[in-house]
Amino acid sequence: MMNWKNIKLGDAATFVNGYAFKPKDWSNSGKEIIRIQNLTGKGSDINFFQGEIDEKYRVTNGDLLISWSATLGIFEWAKEDAWLNQHIFKVVFNKKEFDKTFFKYLISSVIKFFEQRVHGSTMKHITKGNFDAAIVPYPPIEEQKRIAMILDKADALRQKNKQLLAAYDELLQSTFLEMFGDPVTNPKGWDKSYLQNCYPSPKSGTKCGPFGSALKKHEYTDTGIPVWTMDNIQPNRFVDGKSLYISENKYDDLLGYKTEKNDVIISRAGTVGKMCIIPYDGKAIISTNLIRLRLNKNVLRPIYFTTLMSNWGPKVARLKTGRDDSFTHMNTGILNKIELPIPPIRLQNQFSQIVENIEAQKSILKQSIQESEDLFNGLVQKAFKGELNEQ
């Protein structure tokens, strides 16, 4: 680390906070107002400002921007001149010489540090004082470029794997559409049925539901019978690991909430409408924010149902908020009245096998992604400790 220095981030560059635009300032023309959701891609609506404000708020192609509230991240602006909104810093390199790519990796590591220490339980937020006071390494410019080149190579590997994973997801959707058509318009003319007609015989007691058991905190134990919660659901993927537990004796009192292999569990709170399939047998129950769904295997296959609902569910069920077609709420009454196209079970079985094959490949790829993530993170840690001399 010869010739390396440690400096305060506030001495590395000037960080200009954006202008506090008000709704009355918005226009349908002019220069774009850069908001955090426009940087992260979580919002497509664009506001414009037609007037003139201080030039320090102008953003040009290539400027680095740091969102410091709600969503933390560093971004490079790649569009026409625009105006910077509040809660975003524009980086002005007027104090120290930096390689831009090195600086992006440096700020990303600083943000990871702050993410574990930010104020507020529901809102991530970095104060300007804490940000400027952060101590960061400052190697010579040639060393910055060398480090950036190494990290770029490692980053390219992990990004390639992530792109391949996204391609598998696209393949799954395109395969569904090729086999069954758009479930909203039903161009193949499949017979349709309400979901309430797709459960096993009422005599089996396996109709839609119930809502999960509303257990009290003191009723949980450190080990025992698992209680599935929101933490166990990712879209179309069951997540093992973090679980709550109840005693065997308690389980005997809650058999109405038990789950079995191939049950579908659906979130009805938080991110409403997430769903996945229970992948194995074993004693377990659902918690209060979940709905259990058990399907008649001769009518509706879980993989067909969850793929349809995860990708087109809001449109099929006509539950929209106006943003991203997300579910507004979920209960058994809504589920029962959802009308679905029901292709022949033979085709559903074929699709289920295809999905299982794709998921097997995705599982291998996810392991590779984790390895490339570990490699990248390890290199980042070494980079900012000055330990990449032998790379």
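Remember, predicted model here, so these are calculated numbers, not experimental data.

K.L.:
Quick rundown of helix α2 (residues 100-115)? Include the residues and the values.
P.N.:
Given a rise of 1.5 Å per residue, 16 residues ought to cover 22 Å, and the 22 Å separating the end C-alpha atoms of α2 matches this to within 8%. For α2, the complete set of buried residues consists of Phe102, Phe103, Tyr105, Leu106, Ile107, Val110, Ile111 and Phe114. At the N-terminal boundary of α2, the capping side chain belongs to Asp99, with an oxygen 3.2 Å from the backbone nitrogen of Thr101.

K.L.:
Got a sec to walk through the side chain of Ser352? Specific residues and values, please.
P.N.:
Along the chain, Ser352 turns up in helix α8 (residues 345-383). Relative accessible area serves as the criterion here: at 2%, Ser352 is assigned to the buried category.

K.L.:
Outline the packing of helix α4 (residues 141-180) against helix α6 (residues 302-317), listing residues and values.
P.N.:
For any two helices packed against each other, the geometry comes down to the angle between their axes and how far apart the axes lie. At a minimum axis separation of 11 Å, α4 and α6 run at an interaxial angle of 110°. Taken together, the axes of α4 and α6 lie roughly perpendicular to each other. Along the contact surface, α4 presents Leu172, Gln173, Phe176, Leu177 and Phe180, while α6 presents Tyr304, Thr307, Leu308, Asn311 and Trp312. Of the residues assigned to the contact of α4 with α6, the class counts are 7 nonpolar, 3 polar and no charged.

K.L.:
Please set out the packing of α6 against α8 residue by residue, giving values where relevant.
P.N.:
One way to put it is that α6 packs onto α8 with a least axis distance of 8 Å and a crossing angle of 75°. As summarised for this structure, α6 and α8 are arranged roughly perpendicular, according to the angle between their axes. Here α6 contributes Ile303, Tyr304 and Thr307 to the contact with α8, which in turn contributes Gln348, Phe351, Ser352, Val355 and Glu356. For the contact of α6 with α8, a count of residues per class yields 4 nonpolar, 3 polar and 1 charged.

Calculation criteria
Residues numbered from 1 in each chain as written. Predicted model: local features only at pLDDT ≥ 70, side-chain atom pairs only at ≥ 80, totals over all residues. Heavy atoms only, no water. Helix = DSSP H or I, 4+ residues; strand = E, 2+ residues; numbered from the N terminus. Expected span 1.5 Å × (residues − 1). Buried < 20%, exposed > 50% of the residue type's maximum accessible area, 1.4 Å probe, protein only. Polar contact = N/O pair within 3.5 Å; in protein donor to acceptor, adjacent residues only side chain to side chain. Axes fitted to C-alpha atoms, helices over the stretch in contact; angles between N-to-C directions. Parallel < 35°, antiparallel > 145°, perpendicular 65-115°, else oblique. Contact = heavy atoms within 4.5 Å. Nonpolar A, V, L, I, M, F, W, Y, C, P; charged D, E, K, R; others polar.

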